[in-house]
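Overview (structure and organization)
The chain contents come next:
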Amino acid sequence: MTMPEFHKSSYSHAKTENCVEVAEGQRTLVRDSRNPHLGHLTFPAGEWAAFLRDLKGSDSETAR
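Let us look at the structure shown here. Nothing here was measured: the structure is a model prediction, and the numbers come from that model. (Residues numbered from 1 in each chain as written. Predicted model: local features only at pLDDT ≥ 70, side-chain atom pairs only at ≥ 80, totals over all residues. Heavy atoms only, no water.)

Let's shift gears to the sheet that holds strand 3 (residues 27-32). Strands sit in the order 1-2-3-4 across an open sheet of 4 strands; the sheet is antiparallel. Each edge of the open sheet is held by one strand with a lone partner, namely strand 1 (7-8) and strand 4 (41-44). As defined by bridge partners, strand 1 adjoins strand 2 (residues 20-23) across 2 bridges and the pair is classed as antiparallel. Considered in strand 2, the bridge of Lys8 is made with Glu21. Its contacts with the sheet put helix 1 (residues 45-57) on strand 2, strand 3 and strand 4, and the angle it makes with strand 4 is roughly 90 degrees. (Pairing = 2+ DSSP bridges. Helix = DSSP H or I, 4+ residues; strand = E, 2+ residues; numbered from the N terminus. Contact = heavy atoms within 4.5 Å. Axes fitted to C-alpha atoms, helices over the stretch in contact; angles between N-to-C directions.)

Right, dumping it as structure tokens:
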């Protein structure tokens, strides 16, 4: 089994402590970049894509 390649989410900012990393493929893995040893959440790729579409379509103040 190969290890997933995580990258910092474009929604994470250096100015905040709320940082996540994602690994994308058939499933999308999401983890806390400050505590990667605590594991990750797994989402089907289609559901993750729908989440991002909804997030991008939301008013920035509403999405917070």
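Next, the rest of the story.
Before going further, it helps to spend a moment on the pairing of strand 2. Two elements, strand 2 and strand 3, share 4 bridges in a ladder whose sense is antiparallel. For Glu21, the partnering residue across the bridge sits in strand 3 and is Arg31. Where strand 2 hands over to strand 3, the hairpin turn is made up of 3 residues, counted between the paired strands.

With that out of the way, let us pick up the pattern of salt bridges. Evaluated as defined, the whole model comprises 1 salt bridge. The salt bridge partner of Arg31 is Glu21, with a shortest N-O separation of 2.6 Å. With Arg31 in strand 3 and Glu21 in strand 2, the pair connects residues that are 10 residues apart, well separated along the chain. On the basis of relative accessible area, Arg31 is assigned to the partly exposed category, the value being 22%. Under the relative-accessibility criterion, Glu21 is labelled buried at 17%. (Salt bridge = Lys/Arg side-chain N within 4 Å of Asp/Glu carboxyl O. Buried < 20%, exposed > 50% of the residue type's maximum accessible area, 1.4 Å probe, protein only.)

Glancing now at the environment of Trp48. You can see Trp48 is positioned in helix 1. Spatially, the C-alpha atom of Trp48 lies 6.7 Å from that of Thr28, the residues being 20 residues apart in sequence. If sequence neighbours within four positions are ignored, Trp48 has contacts with Val22, Glu24, Thr28, Val30 and Phe43.

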